[in-house]
Amino acid sequence: LISARSTALIVGLLAVALFGVLATRDSGPDRISAHLVSQPAPPLAGVSIAGDEWDLDAQRGRWVVVNFFSTTCVPCIVEHKELVAFSEDHPNDVRVVSVAFDDAARSVEEFFRTQGGDWPVLAAKTGHIVVDWGVVAVPESYLVSPSGYVAAKVVGGIERDALEALLTELSGTIRS
Amino acid sequence: MRLTTRSNVLWFALIIGAITTLAIAEIAERPVLTHADRVHRLAEEFACPVCDGQSVAESDVPIARTIRLSIASMVDGGATDDDIRTMLVARFGADIDYTPDGRGWTSLVWVLPVVVASLAVVLVAISVRRWQGKLTYSRKLAKPLILGMVSVLAVLAGLFVAQLSGSRGLGDSLSGEIRSSTRSLLIEAGVSPIGEAISIYTQVLDLQPSNTEALAYRGWAYRRDGNLEAAMADLEAAVQIDPSFPDARVFRASLLLLNDEPARAAEDLVALDALRAPPIIDDLLSATRLRERISSALADEGSLVLALDLLRSGLTAAPRSAGLLAERGWLLVRSGEVDLIDIGVTLLNEAVATDPLNPYALTYRAVVRLVIVGDRAGAESDVLEFESLLFQPTELVALLKSEGLIS
C-alpha cells in the first residue's frame with residue numbers, strides 16, 4: 001500500500017503543478033474596460049425625452065459619445081457638468097447622447113432641466129439597450145467613431161480634458 | 001496479484017457505475033413546464049455581474065432585474081437556451097455563466113470533481129479493507145497500479161462529462177446531438193474566425209443544401225478570405241435559390257463591383273430596392289458607399305443613364321440621403337451637358353443643406369463652385385468646412401488637391 005507520506009507527496013506535487021500552470025497562464029484582456037472596443041456599436045435607438053426619434057445609425061460621419069447614467073448616481077452627477085462643457089466645445093463634430101439606466105423619465109427631465117445639457121436623452125424602455133451594450137454599472141461612456149465602431153470605453157465618471165485627449169488621439173489614428 | 005479476481009472486477013464495476021450515474025445526473029433531461037419556469041431556471045444559471053455570489057435570479061440590483069426582463073423577452077420570442085446563453089456571455093463575459101464551457105482549461109471544473117470523487121472512493125475502499133485485515137503485504141505493490149488505472153479512468157470520465165456538458169442546455173438529452181440546430185450553427189459561425197466559419201457554414205449546407213443564409217454568408221466569408229471564385233459560386237447559388245434574400249444581393253453586388261462588372265452589380269441593388277430589406281442592410285450600403293461606387297464605375301465606363309437610374313432607385317427609398325444626392329449631382333455635372341449641370345448644382349446644394357457635414361457633398365460642391373460656377377469664395381468656404389471634419393476620405397483630399405483647393 002502507498003504510505004501516507006507518498007500519498008501526501010503525490011497530492012502536493014499535483015497541486016503545485018496545477019497552481020503553476022494556472023498562475024502562469026495569460027489572464028486575457030481586461031473585459032471591463034475593453035468590452036465592445038473595436039467592434040461595431042450595438043443598436044441604440046429610441047424616443048428621447050423631448051419626444052424625438054433618435055437613432056445612432058443616423059449619426060454616421062460624426063463621433064458620438066454614448067453616456068449611460070442615472071440621476072441617483074453621484075459620479076454621474078459629478079461628470080454631468082464635464083459632459084455639458086464638452087458638448088459646448090463640439091457643437092457640430094461630436095454628438096452626445098445619454099441613456100438613463102433604471103430611472104424614471106420624469107426624474108431624468110428634471111435632472112437635465114436643473115443640471116443643463118441639451119443633447120438627446122433616452123429614458124424610456126432602455127433595458128434592452130443596457131443589455132445590448134453590456135453595461136453593468138453607471139456611469140459608463142463609449143466613444144463611437146464616424147464609421148459606427150466603438151473606439152473607446154470609459155468606465156466611471158468622465159472628464160472633459162480626458163475625453164478631449166481621447167478624441168484627439170483616436171481621430172488622429174483613424175485619419176492616419 | 002491478479003487484477004481479474006472477482007473482487008477487483010466488482011470494484012471496477014462499482015466505480016464505473018458511480019461515474020456514469022454522476023454524468024447522467026449532471027446532464028439528464030429536466031423538463032420545463034412554463035416560460036416563467038424557464039426564465040427562472042435560466043436566471044439561476046447566470047451570476048449577477050455586480051453582486052458577490054448571487055445569481056441573476058436572486059439579486060434585486062437594477063442590472064439583474066434588467067437581465068431577467070431581457071431573458072423573459074427572449075424566451076417569449078422563441079429563443080433557445082443556447083441563444084440566450086450566447087447573447088449574455090457576449091454582452092457580459094463568460095464569467096457570469098454558471099455552466100462553464102467544457103473545452104480548454106475551463107473543463108477542469110468538470111474533470112477535477114470526478115477525479116477527486118473517484119480517488120476518494122478507492123482510497124476509502126482500500127482503507128476499509130486494510131482495517132478489516134484483508135490486505136496483505138504481498139499485495140502492496142499492486143495498489144499503485146490500481147490507483148493509476150482508476151485515475152486514468154476517472155480523467156477520461158471527467159472529460160466525457162465536460163464534453164457533454166460544455167455547450168448544451170439542461171433540457172438537452174444525454175444522447176442528443178449537441179449541435180443539431182442549424183440556427184445555432186449559423187449563430188456560432190457568425191462569431192467565429194473566417195476559416196472556422198466557412199467550415200461551420202459547410203456543416204449547415206451538408207444538413208440543408210439550400211440554406212440561403214449559409215450559402216450567402218459562406219460566400220461572403222470566402223470573399224473575405226480571398227477566394228473570389230468560390231465566393232461567387234456560393235453567392236450565385238444563394239440568389240438563384242432565393243432572389244429575395246437581401247444579404248445575398250448586397251454581397252453579390254459588392255463582389256461584382258470588385259470583378260469589374262458594375263452593370264450586374266447595379267441590377268442586384270435595384271432588385272434589393274424592391275425588397276423589404278432590414279435597416280442593417282441600408283446601414284451596410286451607406287457605410288460602404290457601395291451604391292455610389294457602383295454608380296461612379298458605371299459613369300466611368302460610359303453608362304451614365306444606368307448610373308443615374310441606380311442612384312434614383314436608392315433615393316426613392318431614402319430621399320434625404322446626402323451621399324446619394326451628392327453623387328447624383330456630381331455625375332450630372334460631370335456629364336458636361338448644360339441642362340444636366342444646372343440640375344447637378346441644385347442637387348449638390350440640396351445635399352449640403354441636408355447634411356452640412358457630409359464630406360462628399362462639400363467636396364463635390366467646392367469643385368463645382370470653383371470650376372463651373374467660378375465662385376472661388378464659395379468653394380473655399382466649402383473647403384474650410386471640409387477641413388474641419390475629423391473624417392476626410394483620402395480620395396476627396398486628392399480631388400481637392402488636384403483642383404488646387406488645398407495644398
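These numbers come from a predicted model, not from an experiment.

### Re the overall build of chain B
Per the secondary structure count, chain B includes 20 helices and 0 strands. In chain B, buried positions account for 43% of the 407 residues.

### So, the layout of surface pockets
Counted as a void, the second largest pocket has a volume near 1400 Å³. When residues of the lining of the second largest pocket are assigned to their parent elements, the largest contribution, 6 residues, is made by helix H13 (residues 279–288) of chain B.

### Some thoughts on the packing of helix H11 (residues 246–258) of chain B against helix H14 (residues 290–300) of chain B
All names here are of chain B. Across the interface, H11 lies against H14 with an axial gap of 11 Å and an inter-helix angle of 35°. Considering the relative orientation of H11 and H14, their crossing is left-handed. For the pair formed by H11 and H14, the contact residues are Val 250, Ala 253, Ser 254 and Leu 257 on the first element and Leu 290, Arg 293, Ile 294 and Ala 297 on the second. Residues belonging to the contact of H11 with H14 are distributed by class as follows: 6 nonpolar, 1 polar and 1 charged.

### A short note on unusual backbone geometry
Residues and elements named next belong to chain A. Each neighbour pair has its own omega, and for Val 138 with Pro 139 the value is 0°, a cis peptide bond. For Pro 139, the location among the structural elements is in the loop between helix H5 (127–132) and strand S6 (140–144). Phi angles above zero are rare outside glycine, and Ser 38 is one such case at about 75°. Relative to the elements of secondary structure, Ser 38 occurs in the loop between helix H2 (31–34) and strand S1 (45–47). Backbone geometry at Asp 102 places phi at a positive 55°, although glycine is not the residue there. Looking at the secondary structure, you find Asp 102 in the loop between strand S4 (94–100) and helix H4 (105–115). What makes Asp 102 partly exposed here is its relative accessible area of 42%.

### Description of the packing of aromatic side chains
For the coordinates displayed, the defined rule picks out 11 aromatic pairs over all chains. Considering the side-chain rings of Phe 68 of chain A and Trp 133 of chain A, the 5.8 Å spacing of their centres and the 55° angle between planes classify their relative orientation as tilted. Of this pair, Phe 68 of chain A sits in strand S3 (residues 63–69) while Trp 133 of chain A sits in the loop between H5 and S6, placing them 65 residues apart in sequence. Take Phe 68 of chain A and Trp 133 of chain A: they sit in the same class, and that class is buried. Of note, Arg 289 of chain B hangs over the ring of Tyr 360 of chain B, and the distance from its end group to the ring centre comes to 3.4 Å.

### Some words on the pairing of S3 of chain A
Residues and elements named next belong to chain A. Of all 7 residues in S3, 7 are buried; the element is thus mostly enclosed. Judged by which residues are buried, S3 turns out to be covered on both faces: Trp 63, Val 65, Asn 67 and Phe 69 on one side and Val 64, Val 66 and Phe 68 on the other are all buried. One ladder, built from 7 bridges, connects S3 with S4; its direction is parallel. Following the sheet pairing, Val 66 is matched in S4 by Val 97. With helix H3 (residues 74–89) bridging S3 and its parallel neighbour S4, the resulting β-α-β unit is right-handed. As paired strands, S3 and S6 are joined by 5 bridges and run antiparallel to one another. Counted as the bridge partner of Val 66 is Tyr 142 from S6.

### A few points about the side chain of Ser 70 of chain B
Checked against the element boundaries, Ser 70 of chain B lands in helix H3 (residues 62–76). Ignoring any residue separated from it by four or fewer positions in sequence, one finds Ser 70 of chain B in contact with Val 131 of chain A together with Met 87 of chain B.

### Section: empty space enclosed by the protein
The probe, sized like a water molecule, is rolled over the atoms to show the empty space still left. The full count for this structure, using the stated rule, is 1 cavity of 30 Å³ or more. Roughly 60 Å³ of internal volume is contained in the largest cavity. Lining the largest cavity, in full, are Gly 61, Arg 62, Trp 63, Asn 92, Asp 93 and Pro 146 of chain A together with Leu 357, Leu 389, Leu 390 and Phe 391 of chain B. Of the residues that constitute the lining of the largest cavity, the class distribution is 6 nonpolar, 2 polar and 2 charged.

### Things to note about the pairing of S4 of chain A
Residues and elements named next belong to chain A. Counting buried positions along S4 gives 6 out of 7 residues, so the element sits mostly inside the fold. Here 2 bridges tie S4 to strand S5 (residues 121–122), and the two strands are oriented parallel to one another. Of the residues in S5, the one forming a bridge with Ser 98 is Val 121. A crossover links S4 with its parallel partner S5, the connecting element being H4, and its sense is right-handed.

### Comments concerning the sheet that holds S4 of chain A
Residues and elements named next belong to chain A. Read from one edge of the open sheet, 5 strands run S5-S4-S3-S6-S7, paired in mixed fashion. Here the strands that pair on one side only, and so sit at the sheet edges, are S5 and strand S7 (150–155). Of the strand pairs in this sheet, S6 and S7 are connected by 5 bridges, and their pairing is antiparallel. Within S7, the residue paired with Leu 143 across the bridge is Ala 152. Those strands touched by H3 are S3, S4 and S6, and its axis lies near 160° from that of S3. In this fold H4 packs onto S3, S4 and S5, with an angle of close to 120° to the strand it touches most, S3.

Definitions and cut-offs
- Residues numbered from 1 in each chain as written.
- Chains lettered and ligands numbered in written order.
- Predicted model: local features only at pLDDT ≥ 70, side-chain atom pairs only at ≥ 80, totals over all residues.
- Heavy atoms only, no water.
- Helix = DSSP H or I, 4+ residues; strand = E, 2+ residues; numbered from the N terminus.
- Buried < 20%, exposed > 50% of the residue type's maximum accessible area, 1.4 Å probe, protein only.
- 1 Å grid on protein atoms, 1.4 Å probe; cavity = no way out; pocket = protein on both sides within 12 Å on 5 of 7 lines; lining within 4 Å.
- Points joined across faces, edges and corners; volume = space filled by probe spheres on them.
- Axes fitted to C-alpha atoms, helices over the stretch in contact; angles between N-to-C directions.
- Left-handed = near helix turned anticlockwise from the far one by under 90°.
- Contact = heavy atoms within 4.5 Å.
- Nonpolar A, V, L, I, M, F, W, Y, C, P; charged D, E, K, R; others polar.
- Phe/Tyr/Trp six-rings, centres within 6.5 Å; stacked < 30°, edge-to-face > 60°.
- Lys NZ or Arg CZ within 6 Å of the ring centre and 35° of its normal.
- Pairing = 2+ DSSP bridges.
- Right-handed = clockwise from strand over helix to strand, strands pointing away.

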